[in-house]
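Each chain, letter by letter, is given below.
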Amino acid sequence: MVVAVFLGLLGLGAARAQDSSPSSPIVMVVHGGAGTILKRNMTPELEASYQEKLSEGLLAGYRILAAGGSSVDAVVATIRIFEDSPLFNAGKGAVFTAEGKNELDASIMVGSTRQAGAVAGVTGIKNPITAARAVMEATPHVLLAGKGAELFAAEQGIELVDPSYFFTQRRWDALERAREAERVEVREAEPEKENPKGSGGAFGTVGALALDREGVLTAGTSTGGMTNKRHGRVGDSPIIGAGTYANEHCAASGTGHGEFFIRWAVSYDICARVELQGMAIDEAAELVINQELKQVGGSGGVIALDNKGNLSMPFNTEGMYRGYIRDNGKPVVQIYK
Ligand code: ASP
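Residues numbered from 1 in each chain as written. Predicted model: local features only at pLDDT ≥ 70, side-chain atom pairs only at ≥ 80, totals over all residues. Heavy atoms only, no water.

### Quick word on the sheet that holds strand β6 (residues 217-223)
- The sheet built from eight strands is open, its strands ordered β4-β3-β2-β6-β5-β1-β11-β12 with mixed pairing. Taken across any chain shown, the strands that pair with only one partner, and hence form the sheet edges, are β4 (143-145) and β12 (332-336). Going across the sheet, the axis of each strand differs from the next one's by a mean of 10°, ignoring polarity.
- Bridge analysis of strand β11 (residues 319-325) against β12 gives four bridges, and the strand direction is antiparallel. Bridging from a neighbouring strand, Gly319 pairs with Tyr336 of β12.
- Relative to the sheet, helix α2 (residues 44-66) contacts β1 (27-35), β5 (206-211), β11 and β12, its axis offset from that of β12 by approximately 145°. (Pairing = 2+ DSSP bridges. Helix = DSSP H or I, 4+ residues; strand = E, 2+ residues; numbered from the N terminus. Axes fitted to C-alpha atoms, helices over the stretch in contact; angles between N-to-C directions. Contact = heavy atoms within 4.5 Å.)

### Topic: the packing of aromatic side chains
- Evaluation of the coordinates by the stated rule reveals nine aromatic pairs.
- Seen in terms of ring centroids, Tyr165 and Phe166 are 5.0 Å apart; in terms of plane orientation they differ by 80°. Their pairing is edge-to-face.
- Under the relative-accessibility criterion, Phe166 is labelled buried at 0%.
- Across the ring face of Tyr165, the terminal group of Lys92 is positioned such that the distance to the ring centre comes to 4.9 Å. (Phe/Tyr/Trp six-rings, centres within 6.5 Å; stacked < 30°, edge-to-face > 60°. Buried < 20%, exposed > 50% of the residue type's maximum accessible area, 1.4 Å probe, protein only. Lys NZ or Arg CZ within 6 Å of the ring centre and 35° of its normal.)

### Notes on the state of the cysteines
- Per the counting criterion, the structure on display carries one disulfide.
- Between the sulfur of Cys250 and that of Cys271 lies a disulfide, 2.2 Å long from S to S. Linking Cys250 and Cys271, the disulfide has an S-S dihedral of approximately -70° and is accordingly described as left-handed. Of the two residues, Cys250 sits in strand β8 (residues 250-256) while Cys271 sits in helix α9 (residues 266-277), which places them 21 residues apart along the sequence. (Disulfide = S-S within 2.5 Å.)

### Quick notes on the packing of α2 against helix α3 (residues 71-83)
- Put simply, α2 and α3 touch, their axes get as near as 8 Å, and they point 160° apart. As judged from the angle between their axes, α2 and α3 are roughly antiparallel. Considering the relative orientation of α2 and α3, their crossing is right-handed. For the pair α2 and α3, contact is made by Lys53, Leu54, Glu56, Gly57, Leu58, Ala60, Gly61, Ile64 and Leu65 and by Ser71, Asp73, Ala74, Ala77, Thr78, Ile81 and Phe82, respectively.
- Looking at the contact of α2 with α3 residue by residue, the classes come out as nine nonpolar, four polar and three charged. (Parallel < 35°, antiparallel > 145°, perpendicular 65-115°, else oblique. Left-handed = near helix turned anticlockwise from the far one by under 90°. Nonpolar A, V, L, I, M, F, W, Y, C, P; charged D, E, K, R; others polar.)

### Notes on the site of the ligand
- Close to the ligand lie 13 residues; Thr205, Arg233, Asp236, Thr255 and Gly256 are nearest.
- Take Thr205: an N or O atom from its side chain is 2.7 Å from an oxygen atom of the ligand.
- Asp236 places a side-chain nitrogen or oxygen 2.6 Å from a nitrogen atom of the ligand.
- Protein chains bury 100% of the 270 Å² of accessible surface belonging to the ligand in isolation.
- For the shell around the ligand, the per-class residue count stands at three nonpolar, eight polar and two charged. (Near = heavy atom within 4 Å. Polar contact = N/O pair within 3.5 Å; in protein donor to acceptor, adjacent residues only side chain to side chain. Areas by Shrake-Rupley, 256 points an atom, 1.4 Å probe, with all protein chains shown as cover.)

### Some remarks on the pairing of β11
- Counted residue by residue, β11 has six buried out of seven residues, so it is predominantly covered.
- By the bridge criterion, six bridges tie β1 to β11 in an arrangement that is antiparallel. Paired with Met28 across the two strands is Ile325, which belongs to β11.
- Counted between consecutive antiparallel strands, the loop separating β11 from β12 contains six residues, among which Gly329 sits at a positive phi close to 75°.

### Some words on the environment of Gly225
- Relative to the assigned elements, Gly225 resides in the loop between β6 and β7 (244-246).
- You can call Gly225 buried: its relative accessible area is 6%.

Next comes the structure, spelled out in structure tokens:
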């Protein structure tokens, strides 16, 4: 009898454990940069390339999540696909500094533990997001910059490339246009305005958010920064709280004029409103992007995701490459307003 009750309790315990077993919806949200992205400036081929690449990235992350993998693995896998594509201003397609070099930034943050890692101003790391993850997992630090970040990446066996790997004609042309308009502030020398073929602007940063079966949120961002930026300029993308943030409630990744995202602590601000004010994710993200930032001329957009799987993708520019995928495994990709 006692044994039966005991076994019964064990059974109950097991059933309870099963009830509370991971059952969170899985979601991936991505962006590939915000800016002057107009349909009339886009060729059908270029538009299709963006759609395919965004879907490929979403599906890569989704497969990991669907197999019970972690949101960190999903975010890194997705961002690496974008970094390896010349379409985005991250990794291979990074924009040029005023001196004609490429200096890349990336960061990642895990909401459940608030662990974070980032690299800034790196010139020879093929996938900066992988280096950011290694900073998070293999050092007691959050942000490594320049040479130190590169030496660390080499030590970790992370793939290094010659800086010439990052050369693309398209980004070089964008630099020349920005140089011609030298007196103009960097952000106003956006190529798409002048370029009828819509070659992609100074914006084009990539970001990914994931919610895994365990309910853990991760956010990641990777960029080449802004065309014609000063040597040594670091934007918001590797700054935790500015370009990237995640906590137990919310994850966010931004793209746009980095100086504003830093000063307005955009990603943290959105998540703080969700956590502390109980705002809905959409309300918080819209308010920060389309009111606060817009009022001061901070152009850009953000993707945000909460721990229930609600998501938001607001921007105050003409367009933002963006998309999401949920449990059903069907990627949804959008570009224009
Ligand atoms: N936020 C990035 C930076 O300022 C640029 C971008 O999103 O395109 O470095």
